[in-house]
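Residue-level structure breakdown
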Amino acid sequence: MDISDIYVHDGTLLRVMEEPEHARMMMDIELPILEREDQLEPRRLIFEDVYGYSVVEGCINGCPTLLDLTVVGREGRWT
C-alpha cells in the first residue's frame, strides 16, 4: 500500500514502537473512519525497511494530531 493512500488528517498518534534489528516501525494511531469524519478507530501501521522517522509538532497538550504522513526519502531498500 502506498502511504499517500492512507487518510490520516485529524487522526491521533498514540504510540510509536521501533524494532531496529528488523528495520521496522509500528505506529498505534486512531484514524478517521471516513474522510472528514470525527469518529476515530484504532489502527496499527507497520512500516518495513525504515531507517528513521520524524514527528514535527507544536506546543500541544496530550497526543499529537496527525495531519499528514510523507515518505521523505529512499535509498536502495531503505525508506
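Structure: see above.
Residue positions are given per chain, counted from 1 along the sequence in the order it is written. Local features in a predicted model are, by the rule used here, given only for residues with pLDDT of at least 70; side-chain atom pairs are given and counted only at 80 or more, and totals for whole chains, interfaces and linings are based on all residues. To get the side-chain values, all heavy atoms of the structure are used, and hydrogens and water are removed first.

Observations regarding the side chain of Asp 28
Basically, it comes down to this: Helix and strand assignments come from DSSP, with helices taken as H or I runs of at least 4 residues and strands as E runs of at least 2, each series counted from the N terminus. Each residue gets one of three labels from its accessible area relative to the maximum for its type: buried under 20%, exposed over 50%, partly exposed in between, using a 1.4 Å probe on protein chains only. For this analysis, a polar contact is any N or O atom pair within 3.5 Å, provided that within protein one partner can donate a hydrogen and the other can accept it, and provided that sequence-adjacent residues contribute only side-chain to side-chain pairs. In what follows, residue pairs with any heavy atoms lying within 4.5 Å of each other are defined as contacts.
Inspection of the secondary structure assignment puts Asp 28 in strand β2 (residues 24–32). Judged by relative accessible area, Asp 28 falls into the buried class, the value being 11%. A polar contact of 2.6 Å, which involves the side chain of Asp 28, links it to the side chain of Arg 15. In contact with Asp 28, other than residues within four places in its own chain, are Thr 12, Leu 13, Leu 14, Arg 15, Met 17, Arg 43 and Arg 44.

Considerations on the environment of Cys 63
Locating Cys 63 in the fold gives a position in the loop between β3 (40–48) and β4 (65–66). With relative accessibility at 41%, the residue Cys 63 sits in the partly exposed group. In sequence terms Cys 63 and Leu 14 are 49 residues apart; their C-alpha atoms lie 6.2 Å from each other. Look past the residues within four positions of Cys 63 in its chain and what remains in contact with it is Thr 12, Leu 13 and Leu 14.

Thoughts on the pairing of strand β1 (residues 11–19)
Side chains on a regular strand alternate between the two faces of the sheet. Stated formally: Strand pairing requires that DSSP identify at least two bridges connecting the strands.
Where β1 lies against β4, 2 bridges are found, and the strand directions are antiparallel. The residue of β4 that forms the bridge with Gly 11 is Leu 66. For β1 and β2, the ladder comprises 7 bridges, and the chain directions are antiparallel. Looking at β2, one finds that Glu 19 is bridged to Arg 24. Between the end of β1 and the start of β2, which pair antiparallel, lie 4 residues, with Ala 23 showing a positive phi angle near 50 degrees.

Details of the sheet that holds β2
In spatial order, the strands read β3-β2-β1-β4; together these 4 strands make up an open sheet with antiparallel pairing. Each edge of the open sheet carries a strand with a single partner, namely β3 and β4. Sheet topology places β2 next to β3; 9 bridges connect them, and they run antiparallel. Paired with Asp 28 across the strands is Arg 44, a residue of β3.

Digging into the nonpolar core
The test is simple: The criterion is simple. A nonpolar core is a set of buried Ala, Val, Leu, Ile, Met, Phe, Trp, Tyr and Cys residues joined through side-chain atoms within 4.5 Å.
In this structure, Val 8, Met 27, Ile 29, Leu 31, Leu 45, Phe 47 and Leu 66 are the most contacted members of the largest nonpolar core, which totals 13 residues. Those elements that provide at least two residues to this core are β2 and β3. The greatest single-element share of this core, amounting to 4 residues, is contributed by β2. For Phe 47, the residues in contact, after removing those within four places along its chain, are Ile 3, Ala 23, Arg 24, Met 25 and Met 27.

Geometry only, nothing functional implied.
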